[in-house]
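Read off the chains here:
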Amino acid sequence: EDTVDDENYEYGKGDFTEHACRYCGVSNPACVVRCNVPSCRKWFCNSRGNTSGSHIVNHLVRAKHKEVCLHKDSPLGETILECYNCGCRNVFLLGFISAKTESVVVLLCREPCLSVNALKDMNWDLSQWCPLIDDRCFLQWLVKIPSEQEQLRARQISAQQINKVEELWKTNPDASLEDLEKPGVDDEPQPVALKYEDAYQYQNVFAPLIKLEADYDKMMKESQSKDNVTIRWDIGLNKKRIAYFVFPKEDNELRLVPGDELRLRYSGDAAHPAWQSVGHVIKLTAQEEVALELRASQGVPVDANHGFSVDFVWKSTSFDREQGAMKTFAVDETSVSGYIYHHLLGHEVEVQMVRNTLPRRFGAPGLPELNASQVFAVKSVLQRPISLIQGPPGTGKTVTSAAIVYHMAKQGQGQVLVCAPSNVAVDQLAEKISATGLKVVRLCAKSREAVSSPVEHLTLHYQVRHLDTSDKSELHKLQQLKDEQGELSSSDEKKYKALKRATEREISQSADVICCTCVGAGDPRLANFRFRQVLIDESTQATEPECLIPLVLGAKQVVLVGDHCQLGPVIMCKKAARAGLAQSLFERLVLLGLKPIRLQVQYRMHPSLSEFPSNSFYEGTLQNGVTVNERQSSGIDFPWPVPNRPMFFYVQMGQEEISASGTSYLNRTEAANVEKIVTTFLRSGVVPSQIGVITPYEGQRAYIVNYMSRNGALRQQLYKEIEVASVDSFQGREKDYIILSCVRSNEHQGIGFLNDPRRLNVALTRARYGIVILGNPKVLSKQPLWNSLLTHYKEHECLVEGPLNNLKQSMVQFQKPKKIYN
Amino acid sequence: EDEVHVRQKVAEVDPVEEANFDQELKAVLQESMEQRRLELRGRPALNMMIPMNLFEGSSRDHHGRGIGGESGDEALDEETGGNKEVQVKVLVKRGNKQQTKQMYIPQNCSLVQSTKQKEAAELQE
Ligand SMILES: [Zn+2]
Ligand SMILES: [Zn+2]
Ligand SMILES: [Zn+2]
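All residue numbers refer to position in the chain's written sequence, counted from 1. Here the convention is simple: chains get letters from A, ligands get numbers from 1, in the order in which they are written. In keeping with the model being predicted, local features are shown solely for residues with a pLDDT of at least 70 and side-chain atom pairs are shown and tallied solely at 80 or more, while totals for entire chains, interfaces and linings include all residues. Derived side-chain values reflect all non-hydrogen atoms in the structure, with water molecules and hydrogen atoms excluded from consideration.

Draft legend 1. Structural view of the overall build of chain B. Of regular secondary structure, chain B possesses 2 helices and 2 strands. Strands here mean DSSP runs of E at least two residues long; helices mean DSSP runs of H or I at least four residues long; both are numbered from the N terminus. Shown N-terminal to C-terminal, the secondary structure of chain B runs as helices and strands in the order α-β-β-α. Across the 125 residues of chain B, 32% fall into the buried class. The long-range fraction of contacts in chain B, counting pairs at least 24 apart against all pairs at least 6 apart in sequence, stands at 39%. All accessible-area figures derive from a Shrake-Rupley calculation using a 1.4 Å probe, and residue coverage is judged against the displayed protein chains alone. When the accessible surface of chain B is totalled, it reaches about 8,600 Å², and 48% of it is carbon and sulfur. Relative accessibility under 20% of the residue-type maximum defines a buried residue, over 50% an exposed one, and the middle range a partly exposed one, all with a 1.4 Å probe and only protein chains included. The contact definition used throughout considers only heavy atoms, calling two residues in contact when any of these lie within 4.5 Å.

Here you go:
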């Protein structure tokens with residue numbers, strides 16, 4: 001099975017060593033000793049950290065243990081410390097004496113050997129007995145004190161924590177410090193912080209939040225069973241069975257994506273035994289039809305079509321990889337450079353520059369010429385170990401990122417890792433980077449290999465298939481056989497896998513750049529790769545632990561690209577979101593004082609459309625890289641109230657309603673007017689692919705789709721081709737014309753989703769040529785940001801009402817905005 | 001290569017914690033001594049295991065490296081704050097065999113100081 005590799009893989013093995021100090025994690029063999037009490041056998045180091053005694057002495061005193069053994073790689077080798085004379089192993093009684101005339105020393109116990117008369121006459125000087133434990137530490141020349149760097153990178157354990165964990169070990173010798181911090185089932189989780197003492201504390205905060213989110217995700221997905229599903233059968237090019245069926249999207253938050261795993265069940269009938277199989281979603285059509293590629297093709301009841309059931313198969317992979325990355329971050333000193341380590345934890349580090357010769361030109365072959373702010377970004381980033389690039393909508397984030405990656409790859413510091421949280425963004429970047437002439441490998445999750453991709457020729461699985469297609473190639477032969485028969489004999493399958501793995505390694509290693517999702521960076525196929533230079537695009541849409549996955553593969557230079565003024569990561573579990581899991585690493589670094597480099601020229605929106613977002617979200621710094629002329633809708637006859645200003649706010653007074661599911665909203669009047677606007681656009685010569693309808697509510701989205709296909713004045717097919725989506729799913733994309741339906745229209749309740757300024761920013765910055773907003777100004781104006789948006793539209797005579805073919809300035813009164821309390 | 005300068009907060013050890021710890025450490029020591037005396041009561045006198053003739057003929061390698069089969073091979077640790085180090089042999093037992101292992105200890109350690117002083121005194125005679 002394809003996924004077996006992954007399932008047996010242990011994430012976050014890092015370089016965890018058995019002999020790491022159980023208090024602080026220091027694992028330098030010269031600095032640690034093992035408690036030799038048989039029931040204990042734990043390792044401790046000889047640093048004091050924040051306590052008065054060293055860790056080993058602390059342990060021995062607290063646990064009343066008295067014997068120790070040195071590490072096999074320490075200068076003395078694996079040695080139980082004991083009196084040379086009598087064999088006493090109590091370290092509290094031991095000390096060194098030296099010979100009178102030679103540089104020879106030996107361990108001797110205080111009682112009785114030091115006071116035995118016979119020794120006194122011999123070669124040994126008993127007057128200078130030097131105790132093994134001095135000043136609450138082991139003799140430093142015998143057990144070294146970890147260096148300052150080692151100590152800084154270790155867990156900063158307090159005396160109180162030591163007491164607690166020692167207490168815990170009395171009943172549970174295998175307990176870890178993390179067990180001390182575990183919140184109870186009903187406890188509110190510990191919120192995220194700005195700074196962390198060490199990577200262990202970081203892990204203690206984030207691990208429970210990821211667990212919460214994972215549990216919620218599992219609960220939700222596993223409750224998504226559907227019965228009475230009708231199947232249409234097909235066979236793929238790879239001879240695998242494909243089941244097509246409709247999996248209607250309801251008002252819940254669950255969205256199927258390619259790569260998801262579903263189980264298809266048939267309970268059996270007179271002609272068929274009961275059957276079930278698992279498969280991957282390889283395609284989703286606009287009509288909400290799902291294509292599921294089944295793993296096993298045997299026994300499929302292909303002549304049955306009705307009465308199937310579908311369950312969601314929940315996978316913990318992404319959460320496991322996040323947890324693993326945090327563990328690696330803590331225990332493996334080589335996971336990230338010291339500078340990155342301390343910076344990520346919010347420690348004050350002296351600014352460091354990267355010593356690299358800068359290129360003479362900052363653009364890259366195959367990419368458009370860079371503008372001044374893009375050049376500045378590339379130049380700055382190349383000189384710093386960690387940097388943030390803020391890319392407001394349409395400012396050429398991808399091109400800038402590709403140029404940075406190009407120059408990094410040319411510095412010869414090894415392969416560059418390029419990630420983003422979403423597959424779409426990774427594909428876009430991979431394409432741009434490949435255009436510069438660099439060798440790019442796009443690593444996809446195995447579950448997505450059958451999913452079509454615009455950069456298929458860059459994917460690892462494609463390159464493996466096409467590396468050597470000569471008849472001599474054993475791999476090629478086996479692949480053909482597998483394609484023809486669907487499966488291989490077990491010995492052939494073994495051979496095939498080994499060959500495939502070797503080829504994968506060969507191709508990946510010869511690439512200049514590896515592109516994958518953040519979670520994909522935790523793929524076992526990259527486990528032995530090291531990346532000093534890492535760029536993460538859309539990093540403001542990833543959670544911190546997600547961002548950490550690509551970083552812990554050896555990062556020394558990190559570039560985070562994103563825009564914290566647009567929407568952040570989606571967190572389903574309210575508890576986890578409240579505790580701060582939705583705050584991205586990018587945002588926290590901004591709060592810590594790292595200044596993002598902002599790209600300042602936007603090439604998307606008509607200058608009239610960029611004015612308000614620039615002033616409200618980017619301190620007015622957004623410049624226009626497109627002119628009014630370049631955004632003129634020539635030949636399009638649309639009733640814009642002010643010519644040359646392709647925008648208006650269309651006043652709506654229709655009531656909002658709660659949708660059938662009870663969890664969302666819809667607004668019939670707005671939906672009807674959306675249809676009228678769409679029809680007007682279509683009649684005036686705009687094609688469906690140019691139009692996007694966005695709305696914050698799933699209830700309204702579904703209602704508009706339905707309404708347009710039933711009541712659209714033109715051909716039904718035209719309306720089907722129009723994308724109707726949530727604001728959130730439109731982030732990162734653009735359309736020529738955007739129609740925004742606000743939905744909320746209730747005097748007493750709030751405006752819900754619309755309250756988030758970042759969502760408004762995203763909604764307003766999707767359109768290139770024109771935007772129409774439908775909403776109730778009376779309700780929206782209570783919120784300060786909406787109030788200023790409405791005022792902006794009113795001042796420009798773009799606040800209108802009435803029928804589309806006779807729009808009039810609206811005189812509707814705004815409400816006083818409520819003060820914002822932050 | 002990977003040097004990083006972290007502006008550290010000075011880790012202050014809580015004096016109460018320090019006092020408590022000292023007390024506990026003393027208690028463990030005391031208890032160890034007493035336990036030892038109890039154990040030894042009524043035991044026959046000790047055999048002297050410490051060799052007397054170990055050093056004959058070895059003084060010429062005194063400051064050389066690599067004496068004996070299993071000498072330590074660790075590099076001189078330079079990070080002892082400008083304090084010079086001297087090489088010593090640590091006598092240990094492996095089963096019944098005696099072995100010496102080389103180590104470096106700070107020159108200002110009382111152990112070596114007495115030896116040095118005596119060496120100096122002997123030289124003067
Ligand atoms: Zn112990
Ligand atoms: Zn320690
Ligand atoms: Zn003894």
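Draft legend 2. Layout of the overall build of chain A. Along chain A, the regular secondary structure elements total 25 helices and 33 strands. Looking at chain A as a whole, 58% of its 822 residues are labelled buried. Only carbon and sulfur atoms are counted for the fraction: they give 48% of the accessible area of chain A, which is about 34,200 Å².

Draft legend 3. Here's a closer look at the coordination of the zinc ion (ligand 1). All names here are of chain A. Taken together, Cys35 (SG), Cys40 (SG), His59 (NE2) and His65 (ND1) make up the full set of protein donors to the zinc ion (ligand 1), lying 2.0 to 2.3 Å away. Taken together, the 4 donor atoms coordinating the zinc ion (ligand 1) span angles of 103 to 116° at the metal, a pattern that classifies the geometry as tetrahedral. Counted as donors are N, O and S atoms no farther than 2.8 Å from the metal, or 3.2 Å for Na, K and Ca; water is not among the atoms, and sites may therefore look incomplete. In primary-sequence terms, the residues that donate to the zinc ion (ligand 1) follow C-x4-C-x18-H-x5-H. In this pair, Cys40 sits in the loop between strand 1 (32-35) and strand 2 (43-45) while His59 sits in helix 2 (residues 55-63), placing the two residues 19 residues apart along the sequence. Each label reflects the angles at the metal, where four donors whose angles all fall between 85 and 135 degrees are tetrahedral, four or six donors whose opposite pairs open beyond 155 degrees and whose other angles stay between 65 and 115 are square planar or octahedral respectively, and the rest are irregular.

Draft legend 4. Focus on the environment of A:Gly279. Residues and elements named next belong to chain A. Looking at where Gly279 falls in the secondary structure, it is placed in strand 13 (residues 275-284). The exposure class assigned to Gly279 is buried, which follows from its relative accessible area of 0%. The spacing of Gly279 and Val313 is 34 residues in sequence and 9.2 Å in space, taken between C-alpha atoms. Among all residues touching Gly279, those that are not within four sequence positions of it are Asp260, Glu261, Leu262, Leu292, Glu293, Leu294 and Arg295.

Draft legend 5. The arrangement of the sheet that holds strand 1 of chain A in detail. All names here are of chain A. The pairing criterion is simple: DSSP has to find at least two bridges between the two strands. Taking strand neighbours across the sheet as the criterion, the 3 strands line up as 2-1-3 in an open arrangement whose pairing is antiparallel. The open sheet has two free edges, formed respectively by strand 2 and strand 3 (68-70), since each of these has just one partner strand. Strand-to-strand, the axes of this sheet are offset by a mean angle of 35°, without reference to chain direction. In this analysis, axes come from line fits to C-alpha atoms, helices being fitted only over the stretch in contact, and the angle between any two N-to-C directions falls in the range 0 to 180 degrees. Across the face of the sheet, helix 2 comes into contact with strand 1, strand 2 and strand 3 while running at roughly 130° to strand 2.

Draft legend 6. Just the confidence of the model for chain B, in detail. Scored between 0 and 100, pLDDT is the confidence that the predictor attaches to each residue. Mean pLDDT for chain B: 68, with 51% of residues reaching 70 or above. Every residue in residues 56-81 of chain B is under pLDDT 50, and counting partners more than four places away or in other chains gives 36 contacts.

Draft legend 7. How the structure looks around the pattern of salt bridges. The salt bridge criterion pairs a side-chain nitrogen of Lys or Arg with a carboxyl oxygen of Asp or Glu, the two atoms within 4 Å. Under the criterion given, the structure shown has 41 salt bridges over all chains. Its salt-bridge partner being B:Glu24, residue A:Arg62 comes within 2.9 Å of it at the nearest N-O pair. One end of the pair, A:Arg62, is in helix 2; the other, B:Glu24, is in helix 1 (residues 15-40), on a second chain. By relative accessible area, which is 14% here, A:Arg62 ends up buried. Exposure remark for B:Glu24: the relative accessible area of 31% places this residue in the partly exposed category. Between A:Arg265 and A:Asp311 there is a salt bridge whose closest N-O contact spans 2.8 Å. Pair noted here: A:Arg265 is in strand 12 (residues 261-266) and A:Asp311 is in strand 15 (residues 308-313), with a separation of 46 residues, a long-range link. Judged by relative accessible area, which is 9%, A:Asp311 ranks as buried.

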